[in-house]
Amino acid sequence: MRRLIMTILIALLMSSLGLMAAYSIKSNVEINTSPVALKSTEGGEYDSFVFYVPGWMKARLTCSGGTGVVYIKNVFSNSTIFEANMNQQLTAEFPIPYEGDYVLQFRGSGMPTCALLMRDLHPPKQVQDTYYGLGILVSVILSMILAGMRWFK
């Protein structure tokens, strides 16, 4: 019984250390987009800018040079995750909730130029669950090996 308790305690310690290391490596990712001019096309519509986000991230949007509405939509679900009025200049921070492709669009007058800075990546929940499960499994196996080596000498 004592061996089992020691094995479980060693496994929990190893798991927590591994998870702390994995989280700090992933959270330092930063994605910058270069400034993009959204030019007017026929019919009053504007060009759009499509970008990919690898997971939940904080975003900082900076736009200048137009008057109207700036919005960001998920390409696949067509759901709007951000919308704001712009009067020649806009700076806003907001979360991008999921991994996927997003489109930045503008409706109004002028020719705005926009740039995005995204940081603090959190992998999708499915990836996090996989990492956590794998880390716990490996640490349990490793602690059993270490405990077995120690007690069978």
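Treat the numbers as computed from the prediction; the structure is a model and nothing was measured.

### Describing the pairing of strand S6 (residues 100-122)
- Sheet topology note: the strand S1 (residues 30-32)/S6 ladder contains three bridges and is antiparallel. Residue Ile 31 lies in a different strand from S6, and its bridge partner there is Met 118.
- Relative to S6, strand S2 (residues 36-37) runs antiparallel, the two being bridged by two bridges. From the neighbouring strand, Val 36 faces S6, where its bridge partner is Cys 114.

### With respect to the nonpolar core
- Counting 25 residues, the largest nonpolar core has Phe 51, Leu 61, Val 70, Leu 90, Phe 94, Ile 96 and Leu 104 as its most contacted members.
- Looking at this core, the elements that each hand over two or more residues are strand S3 (49-53), strand S4 (56-74), strand S5 (80-96) and S6.
- Residue contacts for Phe 94: discarding those within four places in its chain leaves Met 57, Lys 58, Ala 59, Leu 61, Ile 72, Ile 81, Phe 82 and Leu 116.

### Describing the packing of aromatic side chains
- Within this structure, the stated rule accounts for three aromatic pairs.
- Centre to centre, the rings of Phe 82 and Phe 94 are 4.2 Å apart; their planes meet at 15°, and the pair counts as stacked. Across this residue pair, the class does not change: Phe 82 and Phe 94 are buried.
- By the ring-pair criterion, three or more aromatic residues cluster together here, those being Phe 49, Phe 51 and Tyr 102.

### Here we look at a nonpolar patch on the surface
- On the surface, Leu 134, Leu 137, Val 138, Ile 141 and Ile 145 cluster together into a nonpolar patch covering about 460 Å² of accessible area.
- The residue Leu 134 is located in helix H2 (residues 125-151) in this model.

### Observations concerning the state of the cysteines
- This model, assessed by the stated rule, comprises one disulfide.
- There is a disulfide in this structure between Cys 63 and Cys 114, and the S-S distance comes to 2.1 Å. An S-S torsion of about 115° defines the bridge between Cys 63 and Cys 114 as right-handed. Of this pair, Cys 63 sits in strand S4 while Cys 114 is found in strand S6, placing the two residues 51 residues apart along the sequence.

About the thresholds
Residues numbered from 1 in each chain as written. Predicted model: local features only at pLDDT ≥ 70, side-chain atom pairs only at ≥ 80, totals over all residues. Heavy atoms only, no water. Pairing = 2+ DSSP bridges. Helix = DSSP H or I, 4+ residues; strand = E, 2+ residues; numbered from the N terminus. Core = buried A, V, L, I, M, F, W, Y, C linked by side-chain atoms within 4.5 Å. Buried < 20%, exposed > 50% of the residue type's maximum accessible area, 1.4 Å probe, protein only. Contact = heavy atoms within 4.5 Å. Phe/Tyr/Trp six-rings, centres within 6.5 Å; stacked < 30°, edge-to-face > 60°. Patch = residues over 30% accessible without salt bridge, like charges linked within 9 Å, V, L, I, M, F, W, Y side chains within 5 Å. Areas by Shrake-Rupley, 256 points an atom, 1.4 Å probe, with all protein chains shown as cover. Salt bridge = Lys/Arg side-chain N within 4 Å of Asp/Glu carboxyl O. Disulfide = S-S within 2.5 Å.

So, to be careful, I would describe these as geometric facts and stop short of saying anything about function.
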